[in-house]
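Structural features, examined
Each chain, written out:
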Amino acid sequence: MRRFALRIDQLPAWAFVASAVLVFGAVRAGRLFALLHQSRGGMELGAILTLATFVCIVIFGVRRRHVAAWRSTVQVLAATVAGNALGIVLIWPFIPDAYQISLAPMLRDTIAAGVTMAVMTLPLAIVLLWLSRRFGTHSLVTERRLRVIQEEWRRRFPGRHEDDATGV
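Residues numbered from 1 in each chain as written. Predicted model: local features only at pLDDT ≥ 70, side-chain atom pairs only at ≥ 80, totals over all residues. Heavy atoms only, no water.

Time to look at the overall build of the chain. When helices and strands are tallied, the chain shows six helices and zero strands. Helices (α) and strands (β) of the chain occur, in sequence order from the N terminus, as α-α-α-α-α-α. In the chain, which comprises 168 residues, the share counted as buried stands at 27%. Considering only contacts within the chain whose residues lie at least 6 apart along the sequence, 67% involve residues at least 24 apart. Total accessible area computed for the chain in this model is approximately 11,900 Å², and 66% of it derives from carbon and sulfur atoms. (Helix = DSSP H or I, 4+ residues; strand = E, 2+ residues; numbered from the N terminus. Buried < 20%, exposed > 50% of the residue type's maximum accessible area, 1.4 Å probe, protein only. Contact = heavy atoms within 4.5 Å. Areas by Shrake-Rupley, 256 points an atom, 1.4 Å probe, with all protein chains shown as cover.)

Relative to the helices and strands, Ser-72 is located in helix α4 (residues 69-91). By relative accessible area, which is 1% here, Ser-72 ends up buried. Not counting residues within four places of it along the chain, the set of residues in contact with Ser-72 comprises Gly-61, Val-62, Val-67, Leu-129 and Arg-133.

Across its 24 residues, helix α2 (residues 13-36) extends 34 Å between first and last C-alpha, which sits within 8% of the 34 Å expected from 1.5 Å per residue. Those residues of α2 not exposed but buried are Ala-15, Phe-16, Ala-20, Val-21, Phe-24, Gly-25, Val-27, Arg-28, Ala-29, Leu-32, Ala-34 and Leu-36. Phi turns positive, to about 55 degrees, at Gln-38, one or two residues after α2. (Expected span 1.5 Å × (residues − 1).)

In this section: the packing of aromatic side chains. What describes a pair of aromatic rings is the distance from one ring centre to the other and the angle between the planes of the rings. For the structure on display, the rule yields one aromatic pair. Measuring from centroid to centroid gives 5.3 Å for Phe-33 and Phe-94, while their planes differ by 80 degrees, and the two rings are edge-to-face. Of the two residues, Phe-33 sits in helix α2 while Phe-94 sits in the loop between α4 and α5 (103-135), which places them 61 residues apart along the sequence. (Phe/Tyr/Trp six-rings, centres within 6.5 Å; stacked < 30°, edge-to-face > 60°.)

Before going further, it helps to spend a moment on the pattern of salt bridges. Opposite charge on two side chains lets them pair, provided their charged atoms get close. Tallied over the entire structure, the rule returns one salt bridge. Put simply, Arg-108 and Asp-109 hold a salt bridge, and the shortest N to O gap is 3.3 Å. Taking relative accessible area as the criterion, Asp-109 reaches 44% and is therefore assigned partly exposed. (Salt bridge = Lys/Arg side-chain N within 4 Å of Asp/Glu carboxyl O.)

Looking now at the environment of Ile-111. By secondary structure assignment, the location of Ile-111 is in helix α5. C-alpha separation for the pair Ile-111 and Val-81, spaced 30 residues apart in sequence, amounts to 6.4 Å.

Another aspect to go through is the nonpolar core. A general trend in soluble globular proteins is that nonpolar side chains are found buried together. Listed in full, the ten residues of the largest apolar core are Ala-5, Ile-8, Phe-16, Ala-20, Val-21, Phe-24, Ile-57, Phe-60, Val-76 and Ala-79. Within the residue set of this core, elements represented by two or more residues are α1 (2-9), α2, α3 (40-63) and α4. For this core, the leading source of residues is α2, giving four residues. The residues touching Phe-16, leaving out its near neighbours within four places in the chain, are Ile-8, Leu-11, Ile-57, Phe-60, Gly-61, Arg-64, Gln-75 and Val-76. Judged by nonpolar contacts, the second largest core, of five residues, contains Ala-85, Ile-88, Ile-91 and Leu-107. (Core = buried A, V, L, I, M, F, W, Y, C linked by side-chain atoms within 4.5 Å.)

Structurally, the position occupied by Leu-129 is in helix α5. Residue class for Leu-129 comes out buried when judged on its relative accessible area of 8%. Expressed as a C-alpha distance, the spacing of Leu-129 and Val-58, which sit 71 residues apart in the sequence, is 9.2 Å. Contact partners of Leu-129, with chain neighbours within four places excluded, come to Val-62, Ala-69, Ser-72 and Thr-73.

Right, let's get into the packing of α2 against α4. Any two packed helices are characterised by the angle at which their axes cross and by the distance between the axes. Interhelical geometry of α2 versus α4 gives an angle of 45 degrees and a closest axis separation of 6 Å. On the basis of their axis angle, the class for α2 and α4 is oblique. For the element pair α2 and α4, the recorded crossing hand is right-handed. In the contact of α2 with α4, the residues fall into 18 nonpolar, six polar and one charged. (Axes fitted to C-alpha atoms, helices over the stretch in contact; angles between N-to-C directions. Parallel < 35°, antiparallel > 145°, perpendicular 65-115°, else oblique. Left-handed = near helix turned anticlockwise from the far one by under 90°. Nonpolar A, V, L, I, M, F, W, Y, C, P; charged D, E, K, R; others polar.)

Okay, here's the thing in structure tokens:
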């Protein structure tokens, strides 16, 4: 699992966004298909899978530390909006003719609503991503590095350390 995560971390931006769009679009299409056939269990399962997929995309967006926080946030939001549109395109052949709706206006409205929400939430998302990278569990000091620093403090200041993590 660790190799898989590291491989995703090292993907170029276009490959990360494209794979996120494909996965999110496929999951959304499954939920829309269940909605189309009025399957309550399918809709619940689709909602759970959609949420899990979104959370995975966000987690991998946060893990991509070699990308600036604002770029990573834009990539996640763009993948979500494009994935929604892809889900509609994938489900389109299965919509009965009795509904009499056109694909172009539906895609336009979906993309417009997604872009509007992305623009409105972009500043908050950037700040939250930056905070998670700055003060999250995998901040700049790893456990191994913290042990090295503590050992150095103990070597330099032999009488002035305690057992806590600060070494003061």
